[in-house]
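Chain residues, written in single-letter form:
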Amino acid sequence: MARTAVADVMTRRVVYLSGDTMLDEAAQAMRDQAIGDIVITNGPTLAGLVTDRDIVVRALAEGLPPRTTTLASIASRELIMIEQSATVEEAVQAMRDREVRRLLVCDADRNLVGILSLSDVALVPTSAPA
């Protein structure tokens, strides 16, 4: 992989929903925005992350009804962040170390500015072998 900064490949569109949002509404937002993740908020605080995979594996596969199950009930609460100036290689290592497929991306002031997913990383051009 070329020495590419996270900021160059991350997804800048971040969608926020309250933890009391129902899964069906979140799934519709994901569809409408063409995204695979939602940042969960509790008032002004970041409270978790829910992915399309979470909805399928943690809710639907467990028989939870999407119209009455909240995002908060299935959210990943551990939010793992990386600074936008980090390299993609550093981000991939963080994903491996933490066994996650997405990282929240922040600026130097720790403000959320995007999300980096494995699919974003897969689009990074690789260097030609020497």
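The following paragraphs examine the structure supplied in this document. (Residues numbered from 1 in each chain as written. Predicted model: local features only at pLDDT ≥ 70, side-chain atom pairs only at ≥ 80, totals over all residues. Heavy atoms only, no water.)

Moving on: the overall build of the protein. Looking only at helices and strands, the protein has four helices and six strands in total. From first element to last, N terminus to C terminus, the protein shows the α and β order β-α-β-β-α-β-α-β-β-α. Over its C-alpha atoms the protein spans a radius of gyration of 15 Å, differing by no more than 12% from the 14 Å that the globule rule assigns to 130 residues. Seen through its C-alpha atoms, the protein measures out along the principal axes to roughly 55 × 30 × 30 Å. Sequence-distant contacts, at least 24 apart, represent 56% of the contacts inside the protein between residues at least 6 apart. Per element, the accessible surface of the protein, about 7,500 Å² overall, is 49% carbon and sulfur. Across the protein, the 13 positively charged side chains and the 18 negatively charged ones have centroids separated by 3 Å. (Helix = DSSP H or I, 4+ residues; strand = E, 2+ residues; numbered from the N terminus. Rg over C-alpha atoms; globule rule 2.2 N^0.38 Å. Contact = heavy atoms within 4.5 Å. Areas by Shrake-Rupley, 256 points an atom, 1.4 Å probe, with all protein chains shown as cover. Lys, Arg positive; Asp, Glu negative; His and termini not counted. Charge placed at Lys NZ, Arg CZ, Asp CG, Glu CD.)

Our next topic: the packing of helix α1 (residues 23–33) against helix α2 (residues 52–59). The contact between α1 and α2 brings their axes to 10 Å, and the two run at 150°. It follows that α1 is roughly antiparallel to α2 by the angle criterion. Classified by chirality, the crossing of α2 by α1 is left-handed. Of α2, the residues touching α1 (which contributes L23, A27 and M30) are D52, I55 and A59. (Axes fitted to C-alpha atoms, helices over the stretch in contact; angles between N-to-C directions. Parallel < 35°, antiparallel > 145°, perpendicular 65-115°, else oblique. Left-handed = near helix turned anticlockwise from the far one by under 90°.)

By the burial criterion, the buried members of helix α3 (residues 88–98) are V88, A91, V92, A94 and M95. Taken end-on, α3 shows its buried residues confined to a sector of 160°, consistent with a single buried face. Of the exposed residues in α3, the ones pointing more than 90 degrees away from its buried face are R96 and D97. Turning to α3, the residues buried within the fold contact β4 (81–83), β5 (102–106), β6 (112–117) and α4 (118–122). Positive phi appears at E99, one or two residues downstream of α3, with a value of about 55°. (Buried < 20%, exposed > 50% of the residue type's maximum accessible area, 1.4 Å probe, protein only. Arc of directions from axis to C-beta.)

To continue, consider the pairing of strand β3 (residues 45–51). The pairing of strand β2 (residues 37–42) with β3 spans six bridges and is antiparallel. Bridged to I38 within β3 is V50. (Pairing = 2+ DSSP bridges.)

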